Amino acid sequence: MAILTPFPTVEKCPSTDREKATVVTDMDGTLLRGRSSFPYFALFAFEVGGILRLLFLLLASPLAGLLYYFVSESAGIQVLIFVTFAGMRICDIESVARAVLPKFYSSDVHPETWRVFSSCGRRFVLTANPRIMVEAFLKDFLGADIVLGTEMATFKGRATGFVRSPGVLVGKNKADALKKTFGETKPEIGLGDRLTDIPFMELCKEGYMVAPKPEVRAVTSDKLPKPIIFHDGRLVCKPTPFMALLIILWIPIGFLLACLRIAAGSLLPMPLVYYAFRALGVRVIVKGIPPPPVKKATGNSGVLFICSHRTLLDPIFLSTALGRPIPAVTYSVSRLSEIISPIKTIRLSRDRATDAAMIKSLLKEGDLAICPEGTTCREPFLLRFSALFAELTDQLVPVAMVNRMSMFHGTTARGWKGMDPFYFFMNPSPAYEVNFLNRLPLELTCSSGKTSHEVANYIQRVIAATLSYECTSFTRKDKYRALAGNDGNVVEKPLLKPNKVMGC
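Predicted, not measured: the structure shown is a model, and the values here were computed from it.

Visitor: Please clarify how the pairing of strand S15 (residues 431–436) should be interpreted in this entry.
Guide: The side chains of a regular strand alternate between both faces of the sheet. For S15, the tally of buried residues reaches six of six residues, placing the bulk of the element in the interior. The sheet contact formed by strand S8 (residues 283–287) and S15 spans five bridges and is parallel. Bridge assignment links isoleucine 285 to a residue of S15, and that residue is glutamate 433. Looking at chain direction, strand S14 (residues 396–404) and S15 are connected through six bridges and run antiparallel. By the bridge assignment, arginine 404 is partnered in S15 with alanine 431.

Written as structure tokens, this is what we have:
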């Protein structure tokens, strides 16, 4: 239903010659297509508080809706804030806001609002959402200069669930915040989507309404200032109330199913794992012609499989596709993952000479798998390949790995990595595609005069072309600095020597 206001729609707002103009926009329903902020509160609830916090939020959402529509917007939003954030550590809230939400927000940007917003030289956002929740995305990915939002009360580094004065930023509070920021100066453009946005829009020289149009398509990622290369969080889909209910109902079933799938992969002989996975709903798609196993009697070096890295399960699905266990060298894997692994996993020490000697020794025993990116990437990008592997053998077979998940991500930068296999196998019908590419010709290897970096970059380009991915120069450190605020190195007392073979 159309809102009767004195303002024209945003489609009538010119966006040319606005480089010196200032725009002030609301967020939900204006800068974003979706008018409900529930999915984003649900992301915080699940990622920080787990399934029980998500359940409490879902149970409280009818009360929040009644208050929002029949009492006041402020009361409804305060219920969501309290149920979601009460007791959470501020550092956890900031971490989720930085690492998880940008992926979901960026897929919901309103095209007409973005056309106007991006054309202006100074960009301000006024929102009823907690500022800490949205500021990282708006500034880092949309280029907002200032974000004015609801301020949450804190105590000893934790959110109390209450809001600080003057309360939730709706209606008159938005107008007051705008006056406090700009004084007597009037911004050129004000954008809103509901009646409670009119007070701040009246303080702007021009005001435009964003009409609710569910059918409008979001801005594509290539038109935003910055692509989302790294993101974290366990949920694949935006947790709308219906999806949140499905997640809550599915997790107990999915966990039991994951345990069954993991047991089948760990306990059955590798030639049978492919068929067991298929019977349990895990699809394994094999493309290309894999090389035959090397016979030790010939004295030849084993094949080194160079895999793109999607999850820590890449070597296991490589072994499943080959029908035989292939040991894998890895930079980082949890103790639990080592225990339940059906293949041998060898920890790299990060000392170049030590690792090179260990890999050479393992190749004398047979085939070996390595993921030279050193960490996973969820988006269609390949991170920089470490070049060490190219110096150690000429028997190189690139393998392009792709996986598909409908409910949960099987990787994390912030959480406990020991749960990664469980979350992957908790998906109703996960899939892995293993594409064996041609063995690298001898003339393209180091023995023919190529440098290790040339070989590594060539294999990266070949795999990227196969997957229609984009090559980048980002590294493991870049990922963990973006998502977790560290270099991704966990300092711990080793239980075994770095070159000790692990597995079961």
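Visitor: In this structure, what is going on with the nonpolar core? I would like to understand it.
Guide: The nonpolar side chains of a soluble globular protein tend to be buried with one another. Grouped together as the largest cluster of nonpolar side chains are 113 residues, with contacts concentrated most on Phe85, Leu138, Phe305, Phe317 and Leu318. By residue number, the principal contributor to this core is helix H2 (residues 38–70), which donates 14 residues. Those residues in contact with phenylalanine 305 that lie beyond four places of it in its chain are Pro291, Leu318, Leu322, Arg324, Ile326, Asp367, Leu368, Ala369, Ile370, Val397, Val399 and Phe436. By size, the runner-up hydrophobic cluster in this structure holds 31 residues, among which are Val329, Leu440, Val455 and Ala456.

Visitor: Teacher, can you tell me more about the packing of helix H11 (residues 270–279) against helix H12 (residues 314–322) here?
Guide: Relative placement of two packed helices is described by the angle separating their axes and the distance separating the axes. Relative orientation of the contacting elements H11 and H12 amounts to 100°, with a least axis distance of 7 Å. One way to sum up the angle between H11 and H12 is to call them roughly perpendicular. On the side of H11, the interface is formed by Met270, Val273, Tyr274 and Phe277, while H12 contributes Phe317, Ser319 and Thr320. Its residues assigned to classes, the contact of H11 with H12 comprises five nonpolar, two polar and no charged.

Visitor: How do you make sense of the packing of aromatic side chains when you look at a structure like this?
Guide: For any two aromatic rings, the description comes down to two numbers: the centre-to-centre distance and the angle of the planes. Counting across every chain of the model gives 21 aromatic pairs. Each ring, one from phenylalanine 317 and one from tyrosine 432, has its centre 4.2 Å from the other, and the planes form 15°; the classification is stacked. Residue phenylalanine 317 is found in helix H12, and its partner tyrosine 432 is found in strand S15; the two are separated by 115 residues along the sequence. A single burial state applies to phenylalanine 317 and to tyrosine 432, both of which are buried. Through pairs of rings, three or more aromatic residues link up here, namely Phe277, Phe317, Phe424, Phe425 and Tyr432. Across from the ring centre of phenylalanine 141, 4.9 Å away, lies the NZ or CZ of lysine 226, which sits over that ring.

Rules and cut-offs
- Each chain has its residues counted from 1, following the order in which its sequence is written.
- In keeping with the predicted nature of the model, local features appear solely for residues at pLDDT of at least 70, side-chain atom pairs appear and are counted solely at 80 or more, and the whole-chain, interface and lining totals rest on all residues.
- For side-chain calculations, the full set of non-hydrogen atoms in the structure is used, while hydrogens and water are omitted.
- Each residue is assigned to one of three classes by its accessible area relative to the maximum for its type, calculated with a 1.4 Å probe on protein chains only: buried under 20%, partly exposed between the two thresholds, exposed over 50%.
- The numbering of helices and of strands both runs from the N terminus, where a helix is a DSSP run of H or I of at least 4 residues and a strand a run of E of at least 2.
- Pairing between strands is defined by DSSP: at least two bridges between the two strands are required.
- Grouping buried Ala, Val, Leu, Ile, Met, Phe, Trp, Tyr and Cys residues that are joined through side-chain atoms within 4.5 Å yields what is termed a nonpolar core.
- Residues are treated as being in contact if the distance between any of their heavy atoms lies within 4.5 Å.
- Where helices are involved, their axes are fitted lines through C-alpha atoms of the stretch in contact, as for all axes, and angles between N-to-C directions lie from 0 to 180°.
- Orientation labels follow simple angle bins: below 35 degrees gives roughly parallel, above 145 gives roughly antiparallel, 65 to 115 gives roughly perpendicular, and whatever is left gives oblique.
- Residue polarity is assigned by list, with Asp, Glu, Lys and Arg as charged and Ala, Val, Leu, Ile, Met, Phe, Trp, Tyr, Cys and Pro as nonpolar; anything else, Gly included, falls into the polar class.
- Whether two aromatic rings pair depends on their centres lying within 6.5 Å, for rings of Phe, Tyr and Trp, where Trp uses its six-membered ring; planes under 30 degrees apart make the pair stacked, over 60 edge-to-face, and the rest tilted.
- By definition here, charges over rings are those cases where NZ of Lys or CZ of Arg is within 6 Å of the ring centre and within 35 degrees of the ring normal.

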